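Given next are the chains, with one letter for each unit.
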Amino acid sequence: MGGTKVALRAEHTDGTVREAGFRWPRPPGRPVRAAADLDLLARRIRELCAVAPDELAGVGVAMPATLDAAGVVTAWPNRPGWTGLDLGGVLREVFGTAEVACADDGDLAALAEAHAAGRPDLLYLGVGTGVGGGIVLGGRLLPGPSQGSCEIGHLIVDRSGELCDCGRRGCVQSVASGPAVLRRAARARGTEVTFPELAQALADGTSWAADAVREGCAALAAAAVGVGELLRPAAVVVGGGFADALPGFTETVGAETARLARPGFPPPPVEPARLGGLSSLHGAVLLAKGRTPEN
């Protein structure tokens, strides 16, 4: 589940794979209603699986929201109507007796990318409605599920920067998320900018588009270099729907990362996600198959 879109994947014992996706409804000028979201989610799951929910062997859910130990949503700035929702209880209602596991989307994306690359060490940066991420070292996630998720989107890269959804200023997310880049592009252009307009202007080499994207990439690079100084991951992997849909995005992050190198300490290589914008989805499938964040 993402703040804007949801991706679904069902893998059957006969080898059949079915995928689907949809955007969350958000009527203009009206608050997000969790009930409407959940009704739509349940309907799309039934359409995709083509079996009764309790016939499923396992279910994995990748979530960007902050959950407490009981599975209650404590914060989700992009879907504030979900705050206070007993997500665990809701998922049990949707899936019946099937075993359901839920984990942070950035952590699961990092796990899936490490699995796809056969690589035990990496830093994953997921750029979409927000900025998520995960760190895999020695084949294990850091800091570890019992200690919470890796919130790389909330590393502060500019103490006097833009206001973040979390209430602080200068978080990576406030500079590098899709909405942040679009807002910066709109200020430079002098009018609203849609994603297709940004992508086309970037392809055309238009300065306001290139500058807006480069600033976001520079914030991601600062975070990657900072983490690299501490943990020395073997690679930085850039994914997420926004980054995946903009040609040259990962290369720009790589160039900005190289620019921050210091003598004798080269930064890790920057690579595009092998799973494109669906790293979290594949991580959720691993979770459903019993590949937990602990192992």
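In every chain, residue numbers begin from 1 and rise along the written sequence. Selection of residues for local features in this predicted model requires a pLDDT of at least 70, selection of side-chain atom pairs for listing and counting requires 80 or more, and totals for whole chains, interfaces and linings are taken over all residues. Note: side-chain values were computed over all heavy atoms of the structure, leaving out hydrogens and water.

The next subject is the packing of helix 5 (residues 178–189) against helix 6 (residues 195–203). Only the stretch in contact is used when a helix axis is fitted, and all axes are lines through C-alpha atoms; the angle between N-to-C directions ranges over 0 to 180 degrees. Helix and strand assignments come from DSSP, with helices taken as H or I runs of at least 4 residues and strands as E runs of at least 2, each series counted from the N terminus. Closest axis-to-axis distance for the helix 5/helix 6 pair is 11 Å, and the angle between their directions is 70 degrees. Considering their axes alone, helix 5 and helix 6 lie roughly perpendicular with respect to each other. Helix 6 is crossed by helix 5, and the crossing has left-handed handedness. Contacts from Val181, Leu182, Ala185 and Arg189 in helix 5 reach Phe195, Glu197 and Leu198 in helix 6. Per-class residue counts for the contact of helix 5 with helix 6 are five nonpolar, no polar and two charged. Oblique is the label for every angle not falling under 35 degrees (roughly parallel), over 145 degrees (roughly antiparallel), or within 65 to 115 degrees (roughly perpendicular). Each crossing is labelled by how the near helix is turned from the far one, with a counterclockwise turn of less than a right angle marking it left-handed and a clockwise turn marking it right-handed. Any two residues whose heavy atoms approach within 4.5 Å at even a single point are treated as in contact. Basically, the charged four are Asp, Glu, Lys and Arg, the nonpolar ten are Ala, Val, Leu, Ile, Met, Phe, Trp, Tyr, Cys and Pro, and anything else, Gly included, counts as polar.

Attention now moves to the sheet that holds strand 10 (residues 236–239). Here five strands make up an open sheet; going across it, the order is 9-8-7-10-11 and the pairing mixed. One side of each edge strand has no neighbouring strand; the edge strands of this open sheet are strand 9 (140–142) and strand 11 (270–272). Along the sheet, successive strands turn relative to each other by an average axial angle of 30 degrees, direction set aside. Pairing between two strands is assigned when DSSP locates at least 2 bridges connecting them. Note that strand 8 (residues 131–137) and strand 9 share three bridges and pair antiparallel.

Let us now look at helix 10 (residues 279–288). Within helix 10, seven of the 10 residues are buried, which leaves the element mostly enclosed by the surrounding structure. Buried within helix 10 we find Ser279, Leu281, Gly283, Ala284, Val285, Leu286 and Leu287. Check the buried side of helix 10 and you find it contacts strand 1 (5–11), strand 2 (17–23), strand 3 (59–63), strand 6 (100–104), helix 3 (105–117) and strand 7 (122–127). Following helix 10 by one or two positions, Gly290 has its phi on the positive side, about 100 degrees. The buried label goes to any residue with under 20% of its type's maximum accessible area, the exposed label to any with over 50%, and the partly exposed label to all in between, with areas taken from a 1.4 Å probe on protein chains only.

In this section: the state of the cysteines. Cysteine sulfur atoms are paired as a disulfide whenever they fall within 2.5 Å. Under the counting rule described, the total for this entry stands at zero disulfides. No disulfide involves Cys171; its nearest neighbouring cysteine sulfur is the one of Cys166, lying 3.8 Å away.

Here we come to the side chain of Asp37. Take Asp37: it is sitting in helix 1 (residues 34–49). In this structure Asp37 comes out as buried when scored by relative accessible area, which is 1%. The definition of a polar contact used here is a pair of N or O atoms within 3.5 Å, where within protein one atom must be able to donate a hydrogen and the other to accept one, and adjacent residues in sequence count solely through side-chain atom pairs. Polar side-chain contacts of Asp37 include one of 2.7 Å to the side chain of Trp82.

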